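Each chain, letter by letter, is given below.
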Amino acid sequence: MTSFSHLKSVIHLNELAEDPYDLTLDINLQPKRIDSMLSEALGLKLFYGTERVSDITLQALFDLAEETKVLDKMHKMQSGEVMNRIEGCESEERKVLHTAMRDFFEQTNEAPVAKEASQLAYQELEKLVEFLRDLEKNDNFTDMVQVGIGGSDLGPRAIYLALKAYEKPNRRAHFFSNVDPDDGFSVLKDLDLSKTLFVVVSKSGSTLETRTNEELVRFYLQKAGLDPKNHLIAVTGKGSPMDDPSRYLASFYIWDYIGGRYSVTSMVGCVILAFSLGMDRVLSFLRGASSMDKLALKPQMKGNLPLLSALLSVWNRNFLGCSTSAVIPYSQALSRFPAHLQQLNMESNGKRIDKRGHDLDFDSGPVIWGEPGTNGQHSFFQLIHQGTSVVPVEFLGFCQSQYKEDVLYQGTYCQEKLLSNLFAQSLALATGQKSSNPNKVFLGNRPSRVLLGSRLDPYTLGQILSYYENSVAFQGFLWNINSFDQEGVQLGKVLASQCIDLFAQQRAKKTVDVKSFPLGYAYVKHVIKEEFQ
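What comes next concerns the included structure. As the structure is a prediction and not an experimental result, all values here were calculated from the model.

## Observations concerning the packing of helix H1 (residues 8–17) against helix H3 (residues 55–68)
Right, on to step 1. In contact at an axis separation of 8 Å, H1 and H3 are set at 160 degrees when each is read in the N-to-C sense. Judged by the angle between their axes, H1 and H3 are roughly antiparallel. In this structure, H1 meets H3 at a crossing whose hand is left-handed. Contacts between H1 and H3 pair Lys8, Ser9, Val10, His12, Leu13 and Leu16 from the former with Ile56, Thr57, Ala60, Leu61, Asp63, Leu64 and Glu67 from the latter.
Right, on to step 2. Looking at side-chain class alone, the contact of H1 with H3 contains seven nonpolar, three polar and three charged residues.

Rendered as structure tokens:
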């Protein structure tokens, strides 16, 4: 395959980027443009008239998608072909089948591997239904705590908070992930442990932070006079050290073709979401995700929302030179969703080699960050509007609130004020402002787009989750990088393990082997002095 930088479409896009569309000209940004640069599918609307693209630019981006065969790659991914591979290098060599975890309602993918994965996922859901039915017979448990880290925490936590408006009566969910003991204790101290279940999530069954936190939970359960086995649930790989019925009330399985950051629609997310929200809402969430997965296979590129979003992101990153991008939800319920997207995007596409093992001669994934609007307008939006770095923004908004409780003040409702702020920010970034006072000059031409839904409910949130998952995958396909491993986290784990050994040697009153890790000891000795004096 021709490297990204030498593709015919990329050469053309580089030429177009020398004089990108000017959003600040009055004749350019008109209502007609907003209406025409709108893609609508599955009840979602993607407005991209405030991106720095023309019809010619869009066609060149569509040519890029054709030249890189991204739709073919998406079909291969959803069909269960091995995608997690670097040619000529030792790599994980895995399938990527998070989409199969929600493809069992009206299954259209007849590929044997994908079909089998969907059947396994459905079996786990049936197990979960039975488990929850048995729980409800006693109705002793009111709280569930998820103990996991990375994708075992960020995604499920973000989705739970987003759907808390739909929580079942007398059911609450909690999360802790950090090996910092203060994180765990701050959750445990306010719980009635006799009425609390703990979901311990580790695919390998050996994640250090998670197993350490599990021991913290076991300690407090025993201290309260409770048998940990009656309160602990394992979500893990079949046959892992945690797949042990003598130590857990129940076990649910995940598979090696489910990456952590893509795992929220597997048992990693479904157990705690079904407990707190109810199975009917979880199934609606999965249906929504599946509907967007199928849209991601559609060849009509303008209507393929995840692909269109990916192309616009690549335009901003590689051709307009934007090194960071913000996701700003105008919904307080999505307060932790940008954190999940941060991992999803940066762990997937923060890569420096392509799938042939060659160094990239172009930029891959940008830095992703964000917080809810309108709060952000009173903090970091200053930099977005007038800073020296251009930060493309994707705004998320909904026509209706979740609770449908609102107040009329000065002629408008809160939800209308919220949406007014969203639209105003997008337009202000695009058009800017001229002034004789340089402090009041807004240069404009700062790209953004708006994803607008009717209401944030389980089905719509499933669609939005899948929209981002597939957009990230499409970007990786365009760049020909491996979006499904995460070697970048491994070196730190190895060095942390060596530091841990130094602490253990000191606690056992052994002579600390400074030579085993002299750089680590240079730090650890300062803690040892305080802790063991």
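## Focus: the packing of aromatic side chains
Right, on to step 1. The full count for this structure, using the stated rule, is 17 aromatic pairs.
Right, on to step 2. With 5.2 Å between their ring centres and 80 degrees between their planes, Phe219 and Tyr220 make a pair best called edge-to-face.
Right, on to step 3. Their ring planes at 50 degrees and their centres at 5.8 Å tell us that Tyr262 and Phe484 sit as a pair that is tilted. Remark: Phe484 occurs in the loop between helix H15 (458–479) and helix H16 (490–507) and Tyr262 occurs in the loop between strand S9 (250–254) and helix H9 (267–277); sequence separation between them is 222 residues.
Right, on to step 4. With relative accessibility at 2%, the residue Tyr262 sits in the buried group.
Right, on to step 5. Here the aromatic residues Phe4, Trp315, Phe319 and Phe362 are joined through ring pairs into a cluster of three or more.
Right, on to step 6. Cation over ring: Arg33 sits above Tyr21, and NZ or CZ is 3.9 Å from the ring centre.
Right, on to step 7. Above the plane of the ring of Tyr253 lies Lys127, whose end atom (NZ or CZ) is 4.5 Å from the centre.

## Observations regarding H9
Right, on to step 1. With eleven of eleven residues buried, H9 lies mostly within the body of the structure.
Right, on to step 2. Buried residues of H9: Met267, Val268, Gly269, Cys270, Val271, Ile272, Leu273, Ala274, Phe275, Ser276 and Leu277, and no others.
Right, on to step 3. Looking one or two residues beyond H9, the residue adopting positive phi is Gly278, at roughly 105 degrees.

## Focus: a nonpolar patch on the surface
Right, on to step 1. Residues Leu491, Val494 and Leu495 make up a contiguous nonpolar surface patch of about 270 Å² in total accessible area.
Right, on to step 2. Judged by relative accessible area, Leu495 falls into the partly exposed class, the value being 33%.

## Quick notes on the packing of helix H12 (residues 337–349) against H15
Any two packed helices are characterised by how steeply their axes cross, that is the angle between the axes, and by the distance between the axes.
Right, on to step 1. Packing of H12 against H15 leaves a shortest axis separation of 10 Å and a crossing angle of 20 degrees. Taken together, the axes of H12 and H15 are roughly parallel relative to one another. The element H12 and its partner H15 pack so that their crossing is right-handed. Of H15, the residues touching H12 (which contributes Phe337, His340, Leu341, Leu344, Asn345, Ser348 and Asn349) are Ile464, Leu465, Tyr468, Glu469, Val472, Gln475, Gly476 and Trp479.
Right, on to step 2. Class assignment of the residues belonging to the contact of H12 with H15 gives a composition of eight nonpolar, six polar and one charged.

## Comments concerning the pairing of strand S5 (residues 143–147)
Right, on to step 1. Extensive coverage of S5 is indicated by the burial of five of its five residues.
Right, on to step 2. Residues Asp143, Val145 and Val147 point to one face of S5 and Met144 and Gln146 to the other, with burial holding for every one of them.
Right, on to step 3. Read from S5 through helix H6 (residues 154–162) to strand S6 (residues 172–176), the crossover connection turns out right-handed.
Right, on to step 4. As defined by bridge partners, S5 adjoins strand S7 (residues 196–202) across five bridges and the pair is classed as parallel. Its bridge partner being in S7, Val147 is matched across the sheet by Val200.

## A short note on the pattern of salt bridges
Right, on to step 1. Evaluation of the coordinates by the stated rule reveals 26 salt bridges.
Right, on to step 2. With a closest N to O distance of 3.5 Å, Lys76 and Asp72 form a salt bridge. Of this pair, Lys76 and Asp72 both sit in helix H4 (residues 70–79), four residues apart, which is roughly one turn of that helix.
Right, on to step 3. According to the relative accessible area criterion, Lys76 is partly exposed, its value standing at 32%.
Right, on to step 4. Exposure remark for Asp72: the relative accessible area of 38% places this residue in the partly exposed category.
Right, on to step 5. When the shortest N-O distance is used, the salt bridge between Lys351 and Asp485 registers 2.8 Å. Taken together, the residues Lys351 in the loop between H12 and strand S11 (367–369) and Asp485 in the loop between H15 and H16 connect sequence positions 134 residues apart.
Right, on to step 6. Of the residues examined, Lys351 reaches a relative accessible area of 15% and is grouped as buried.
Right, on to step 7. One network of salt bridges, in which partners are shared, links Arg211, Glu214, Glu215, Arg218 and Arg247.

The rules behind each value
- Residue positions are given per chain, counted from 1 along the sequence in the order it is written.
- Reporting of local features is limited, given that this is a predicted model, to residues whose pLDDT is at least 70; pairs of side-chain atoms are given and counted only at 80 or more, and all residues count toward the totals for whole chains, interfaces and linings.
- As a rule here, side-chain values cover all heavy atoms of the structure and leave hydrogens and water aside.
- Between N-to-C directions, angles span 0 to 180 degrees; the directions come from axes that are lines fitted to C-alpha atoms, helices contributing only their stretch in contact.
- For helices the rule is a DSSP run of H or I covering at least 4 residues; for strands it is a run of E covering at least 2, with both sets numbered from the N terminus onward.
- Each angle is binned into one of four classes, with values under 35 degrees roughly parallel, values over 145 roughly antiparallel, values of 65 to 115 roughly perpendicular, and all other values oblique.
- Crossing handedness is defined as follows: a turn of the near helix away from the far one that is anticlockwise and smaller than a right angle gives a left-handed crossing, while the clockwise case is right-handed.
- We call two residues in contact whenever any of their non-hydrogen atoms come within 4.5 Å of each other.
- The classification used treats Ala, Val, Leu, Ile, Met, Phe, Trp, Tyr, Cys and Pro as nonpolar, Asp, Glu, Lys and Arg as charged, and all other residues, Gly among them, as polar.
- Ring geometry is summarised as follows: Phe, Tyr and Trp rings, the Trp one being its six-membered ring, pair when their centres sit within 6.5 Å, and such pairs are stacked at plane angles under 30 degrees, edge-to-face over 60 and tilted between the two.
- Each residue's exposure class comes from its accessible area (1.4 Å probe, protein chains only) as a fraction of the maximum for that residue type: buried when under 20%, exposed when over 50%, partly exposed otherwise.
- Placement of a positive charge over a ring is assigned whenever Lys NZ or Arg CZ falls within 6 Å of the ring centre and within 35 degrees of the normal to the ring plane.
- Patches draw on residues past 30% relative accessible area with no salt bridge. Two like charges within 9 Å are joined, as are two nonpolar side chains (Val, Leu, Ile, Met, Phe, Trp, Tyr) within 5 Å.
- Per-residue and other accessible areas follow the Shrake-Rupley method at a 1.4 Å probe size, with only the shown protein chains counted as cover for residues.
- Salt-bridge detection follows one rule: a side-chain nitrogen of Lys or Arg within 4 Å of a carboxyl oxygen of Asp or Glu.
- Consider the strands pointing away from the viewer: the crossover is right-handed when the path from the first strand over the helix to the second runs clockwise.
- For two strands to be treated as a pair, DSSP must find no fewer than two bridges joining them.

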